[in-house]
Amino acid sequence: MWSSERLRNVFYQIALLLLIGTLAGYAIHNLVHNLESRAITIGFSYFGQEAGFDISEKLIDYDPTHSYGRAFGVGLLNTLLVSFLAIIAASLIGLAIGIGRLSPNWLLRKLAGGYVESVRNVPLILQLLLWYGVLTELLPPVAEAHRFASIYLSQRGCTLPWPVAHAGWWAALLGLLAALACSLFWARRARRIRDRAGHAPRVLWPSLAACLLLPLAGWAAFGAPSEFSVPLISGFDFEGGKTVSPEFIALFIGLSTYTAAFIAEIVRGGILAVGRGQTDAAEALGLSRSQRLRLVILPQALRVMIPPLTSQYLNLTKNSSLAVAIGYPDLVSISNTTLNQTGQAIEAIALMMGVYLTISLAISGLMNWYNHRVRLVER
Amino acid sequence: MNSHATARRPASERSRDWLRQNLFSSPANTLTTLLVLTLLAWLAGRFFSWAVLNAVWGQASVATCNALMGQGACWAVVADKWQQMLFGIYPQAEQWRPALAVLVFCSILVLSAMRACWRVRRLLVLWVGGSLLCAWLMAGGLGLTPVPTALWGGLPITLMLAVFGTLFAFPLGILLALGRRSSLPILRAASISYIELVRGVPLITVLFMASIMFALFLPEGVSFDKLLRAQVAIILFNAAYLAEVVRAGLQALPRGQYEAADALGLGYWQTQLLVVLPQALKITIPAQVNSFIDNFKDTSLVIIVSIFDFLYAVRQAVISDLDWRHYFVEGYLFAMAVYWLFCYTMSHYSQWLEQHLSRDQRN
């Protein structure tokens, strides 16, 4: 009977299941016992309780009387905000540096190489601590803030004029979104026309015009508000304006410059992966270097770059959890405070992990879909 | 094309050609050169005058540094605190031990970089023996004064977390990689879930789990050392990443290797141990080195669960001293230099190795 491979395989797997089950059962048994002796009830009922701690930065309305659940939402939004902005910045810096590494100019090449080698060989958390230290300790206090026009730079961060809430601003924002959607639609349309008729209608200028005119129209239609809250120094603090905290700035700069070094390498690898013949052919057609890059090389390089880029974006999002080291109220930092106050360690940590897992799966799903769309269609 | 001609032309002419080709080939190129030069001159000039010209070097009092505040770097903070930065609060009289441990760890790394050591038995002796030696040096006993882990700190901890974190993650990673490619559905599902779960979450959450949540799963009264828990968390985390590295190697092997092993009548484990793994591990060596570098950098995250690694020791040494705390930039730059030196050396080694191995394979 033992000689039957199938039977043996079934036996091995049952043994594995039993082993995992026993371990889990033992852990759960201990857990139940430990929680009982500490008088902690498991479950998410603490979500409704009053949190009692304040959060310095929030995208939605929050004060200490709000619930833990809402605090969690604030943290999640902060994580998403900083990751989103840093991903955009890192992509732009990375693209510039990656192209710089292949520049015909020797100095620029070496400079870009030096950037990559110096940034990616130092732990991110150390870079964050340095940025944060520099921003909070070496900048002047509020009273002696550096001033550029109405923008102030001080230990409190960066304070800038900010529009006073008004329907007109929201209309402008909505206009911008609408313009972006229209541009996207028009670009696809143009491509289809080109495929059929051989020459494409202009895309760039109409899109830019739409991005300018639509927000302007929305802004004007809803009363054309022009009221800005301009920051003024009063005593030890600013009055009015919007202050971006040093925690946010440090995290944003740190994440984007660090990830940019990795993205630069991906861009470089992607460009090098495009066959030499493509460049030669583009040159033979009389395209300039920037046209070659934009029209021939980058679109093809993108295909190679997408899988590693996805994992860099995911890394950036996961790395944003280092916020806890410099006190930016992100998901991890707020969950940490919550679990310290309530003792609901299991739920808080499981929730944190669940959120990151969901983000990871969502981004990689999205990127897989895109990857599928831009894949090489071979005959 | 004309190496002969270039060799005969005077050096001045050759360097002029080089300059023309690389820096002044077109108006745009010339403009770039000038812009980059201006930027570099400005940045490097400012940095040089801060870090070298106006800096306070060697042992000096805080007052000397304060007099120059804002104009020059105060390297005196490193000169004053370097022992605390490197070894944390390890007893002063015994600090030769962590120093020796660092040396042993570095020797392990250097020796395993040499091809003469690339034999399973030699590597095992080197890593296991070296690790045990370091553990003995740090912990004491057997003739040395025992030092509790609460007093360990600094660079040896960073190296220990990285080296042990790789050593123990390796067998687990290999098993996971084999499991992921196994034909047994439950085994495969378990491996895939483990790998994807761990790779989908940040290391911090795993460290939190080890430092806060883990105690709840143990019987009452049983507790593990904090450092050990963090070490286990790092091992479990690394195993998932190493598994993917090994899997890449397994996937790269041609089917013929498996079929040949089958034809020889080898069983599953014989096939894996004698035919598949030796080749799969060899072709992924550069990726393994990169994974080690990531791991080395990642160990700095243990600072968040208050473990006294190198970064924490540097931070503590500077920030906790009210006199010196203003000179944290110098302290962090020192830490950066140390991390950079390790990672830069290893990443260049990995690049060199990649070319070397691929050349090997072609011949």
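Everything quoted here is computed from the prediction, not taken from an experiment.

Caption draft 1: Structural context of the overall build of chain B. What chain B contains, in helices and strands, is 17 helices and zero strands. With the C-alpha coordinates of chain B rotated into their principal frame, the extents come out at 70 × 70 × 40 Å. The buried share of chain B, reckoned over its 363 residues, is 45%. Restricting the contact set of chain B to residue pairs at least 6 apart, pairs at least 24 apart contribute 68%.

Caption draft 2: Inspection of the confidence of the model for chain B at higher detail. With 97% of its residues at a pLDDT of 70 or more, chain B shows a mean pLDDT of 86. When pLDDT is averaged over each element of chain B, helix H9 (residues 169–180) of chain B comes out on top at 93 and helix H1 (residues 3–8) of chain B at the bottom at 53.

Caption draft 3: Geometry of the sheet that holds strand S1 (residues 146–148) of chain A. All names here are of chain A. Spatial ordering of the open sheet is given by S1-S2-S3-S8, a layout of four strands whose pairing is antiparallel. Each edge of the open sheet is held by one strand with a lone partner, namely S1 and strand S8 (242–244). The average undirected angle you get between the axes of adjacent strands in this sheet is 20°. One ladder, built from three bridges, connects strand S2 (residues 151–154) with strand S3 (residues 157–160); its direction is antiparallel. Within S3, the position partnered with Ser-154 by the bridge is Gly-157.

Caption draft 4: Fine view of the UniProt feature "transmembrane region" (unreviewed entry) in chain B. All names here are of chain B. The feature "transmembrane region" (unreviewed entry), as given by UniProt, occupies residues 24–44, 98–117, 124–145, 157–179, 200–218, 230–250, 301–319 and 331–349 in the numbering adopted here. Strand forms 0% of residues 24–44 and helix 86%; the C-alpha atoms that close the span are 22 Å apart. Span residues 301–319 is 53% helix and 0% strand, its end C-alpha atoms 18 Å apart.

Caption draft 5: Structural detail: the packing of helix H2 (residues 68–100) of chain A against helix H11 (residues 331–342) of chain A. Residue and element names in this part refer to chain A. Packing of H2 against H11 brings their axes to within 7 Å, and their N-to-C directions diverge by 155°. By the criterion of interaxial angle, the relationship of H2 to H11 is roughly antiparallel. The residues of H11 that touch H2, namely those facing Tyr-68, Ala-71, Phe-72, Gly-75, Leu-76 and Thr-79, are Leu-331, Ile-334, Ser-335, Thr-338, Gln-341 and Thr-342. Here the contact of H2 with H11 is built from residues that sort into six nonpolar, six polar and no charged.

Caption draft 6: Inspection of the state of the cysteines at higher detail. Residue and element names in this part refer to chain B. Taken as a whole and assessed by the stated rule, the structure comprises one disulfide over all chains. Here Cys-65 is linked by a disulfide to Cys-74, with a sulfur-sulfur distance of 2.0 Å. Handedness of the Cys-65-Cys-74 disulfide follows from its S-S torsion of about 75°: it is right-handed. By relative accessible area, Cys-74 is classed as buried at 1%.

Caption draft 7: Expanded view of the domain arrangement of chain B. On domain assignment, one finds that chain B holds domain 1 (3–53) and domain 2 (76–362). Between the C-alpha centres of domain 1 of chain B and domain 2 of chain B the distance comes to 41 Å.

Caption draft 8: Highlighting the UniProt feature "domain: ABC transmembrane type-1" (unreviewed entry) in chain A. Within this structure's numbering, the places UniProt gives as "domain: ABC transmembrane type-1" (unreviewed entry) are residues 76–367 of chain A. Taken end to end, residues 76–367 of chain A comprises 72% helix and 8% strand; its first and last C-alpha atoms sit 22 Å apart.

Caption draft 9: Broad picture of the environment of Pro-91 of chain B. Residues and elements named next belong to chain B. With respect to the helices and strands, Pro-91 occurs in the loop between helix H5 (76–87) and helix H6 (96–112). By relative accessible area, which is 28% here, Pro-91 ends up partly exposed. Sequence separation between Pro-91 and Val-104 is 13 residues; the distance between their C-alpha atoms is 20 Å. Those residues within four positions of Pro-91 in sequence are excluded, and the remaining contacts are Val-147 and Leu-151.

Caption draft 10: Quick look at a positive patch on the surface. Residues and elements named next belong to chain A. There is a patch of like positive charges on the surface, built from Arg-188, Arg-189, Arg-191, Arg-192, Arg-196 and Arg-373. Sorting elements by how many residues they give to the positive patch places helix H5 (residues 167–197) first, with five residues. Relative to the assigned elements, Arg-191 resides in helix H5. Using a relative accessible area of 43% as the deciding quantity, one classes Arg-191 as partly exposed.

Caption draft 11: Inspection of the packing of aromatic side chains at higher detail. Using the criterion set out here, one finds 30 aromatic pairs over all chains in the structure. Here Trp-169 of chain A and Trp-219 of chain A contribute two aromatic rings whose centre-to-centre distance is 6.5 Å and whose plane-to-plane angle is 45°, an arrangement assigned as tilted. Note that Trp-169 of chain A is positioned in helix H5 and Trp-219 of chain A in helix H6 (residues 204–221), a separation of 50 residues in sequence. Given the relative accessible area of 24%, Trp-169 of chain A is considered partly exposed. Residue classification places Trp-219 of chain A among the partly exposed residues on the basis of a relative accessible area of 25%. Ring pairing ties together the aromatic residues Phe-44, Tyr-46, Phe-47, Phe-53, Tyr-68 and Phe-72 of chain A, which thus form one cluster. Geometry around Trp-162 of chain A places Lys-242 of chain A over its ring, the cationic atom sitting 5.5 Å from the centre. Sitting over the face of the ring of Tyr-241 of chain B, Arg-199 of chain B holds its NZ or CZ atom 5.6 Å from the ring centroid.

Caption draft 12: Spotlight on the interface of chain B and chain A. Each side of the interface is counted separately: chain B has 57 residues, and chain A has 54 residues. A buried area of about 4,900 Å², summed over both sides, lies between chain B and chain A, and 73% of it is on carbon and sulfur atoms. The interface formed by chain B and chain A contains one salt bridge. A salt bridge links Glu-137 of chain A to Arg-325 of chain B; the shortest N-O distance between them is 3.6 Å. Of all elements in the fold, only helix H2 (11–22), helix H3 (27–53), helix H10 (185–200), helix H11 (203–213), helix H16 (310–319) and helix H17 (328–362) of chain B reach the threshold of two or more residues within the side of chain B that touches chain A. When residues of the side of chain B that touches chain A are assigned to their parent elements, the largest contribution, 12 residues, is made by H17 of chain B. Split into classes, the residues belonging to the side of chain B that touches chain A amount to 39 nonpolar, 12 polar and six charged.

Caption draft 13: Structural context of unusual backbone geometry. Even without a glycine there, the phi angle at Ala-149 of chain A is positive, about 50°. Residue placement: Ala-149 of chain A occurs in the loop between S1 and S2. Judged by its relative accessible area of 65%, Ala-149 of chain A falls in the exposed class. Look at Ser-306 of chain B: it is not a glycine, yet its phi comes out positive at around 55°. Within the fold, Ser-306 of chain B resides in the loop between helix H15 (285–298) and H16.

Caption draft 14: Up close: a nonpolar patch on the surface. Residues and elements named next belong to chain A. On the surface, a cluster of nonpolar side chains totalling about 650 Å² of accessible area is made up of Trp-170, Leu-173, Leu-174, Leu-176, Leu-177 and Leu-180. Examined against the element boundaries, Leu-180 turns out to sit in helix H5. Looking at Leu-180, the relative accessible area reads 45%, which means it is partly exposed.

Caption draft 15: Examining the packing of helix H7 (residues 246–273) of chain A against helix H9 (residues 289–319) of chain A more closely. Residue and element names in this part refer to chain A. Contact geometry for H7 and H9: axes closest at 8 Å, N-to-C directions at 145°. As for the relative orientation of H7 and H9, their crossing is right-handed in sense. Between H7, through Leu-255, Tyr-258, Thr-259, Phe-262, Ile-263, Ile-266, Val-267, Gly-270, Ile-271 and Ala-273, and H9, the contact on the second element is made entirely by Leu-293, Ile-297, Leu-298, Ala-301, Val-304, Met-305, Pro-308, Leu-309, Gln-312, Tyr-313, Leu-316 and Asn-319. In terms of residue class, the contact of H7 with H9 is built from 18 nonpolar, four polar and no charged.

Caption draft 16: Structural context of the pairing of S2 of chain A. Residues and elements named next belong to chain A. Only one face of S2 is covered, namely the one carrying Tyr-152 and Ser-154; the face carrying Ile-151 and Leu-153 has none of its residues buried. Taken together, S1 and the strand that follows it, S2, pair antiparallel across an intervening segment of two residues, in which Ala-149 is found at a positive phi of about 50°. Following S2, the chain reverses through two residues before pairing antiparallel with S3.

How each quantity is defined
- Residues numbered from 1 in each chain as written.
- Chains lettered and ligands numbered in written order.
- Predicted model: local features only at pLDDT ≥ 70, side-chain atom pairs only at ≥ 80, totals over all residues.
- Heavy atoms only, no water.
- Helix = DSSP H or I, 4+ residues; strand = E, 2+ residues; numbered from the N terminus.
- Buried < 20%, exposed > 50% of the residue type's maximum accessible area, 1.4 Å probe, protein only.
- Contact = heavy atoms within 4.5 Å.
- pLDDT = per-residue confidence, 0-100.
- Pairing = 2+ DSSP bridges.
- Axes fitted to C-alpha atoms, helices over the stretch in contact; angles between N-to-C directions.
- UniProt positions renumbered as here; feature names shortened; annotations may be inferred.
- Parallel < 35°, antiparallel > 145°, perpendicular 65-115°, else oblique.
- Nonpolar A, V, L, I, M, F, W, Y, C, P; charged D, E, K, R; others polar.
- Disulfide = S-S within 2.5 Å.
- Domains from an automatic or database assignment.
- Patch = residues over 30% accessible without salt bridge, like charges linked within 9 Å, V, L, I, M, F, W, Y side chains within 5 Å.
- Areas by Shrake-Rupley, 256 points an atom, 1.4 Å probe, with all protein chains shown as cover.
- Salt bridge = Lys/Arg side-chain N within 4 Å of Asp/Glu carboxyl O.
- Lys, Arg positive; Asp, Glu negative; His and termini not counted.
- Charge placed at Lys NZ, Arg CZ, Asp CG, Glu CD.
- Phe/Tyr/Trp six-rings, centres within 6.5 Å; stacked < 30°, edge-to-face > 60°.
- Lys NZ or Arg CZ within 6 Å of the ring centre and 35° of its normal.
- Buried area = accessible area lost by both parts, 1.4 Å probe.
- Left-handed = near helix turned anticlockwise from the far one by under 90°.

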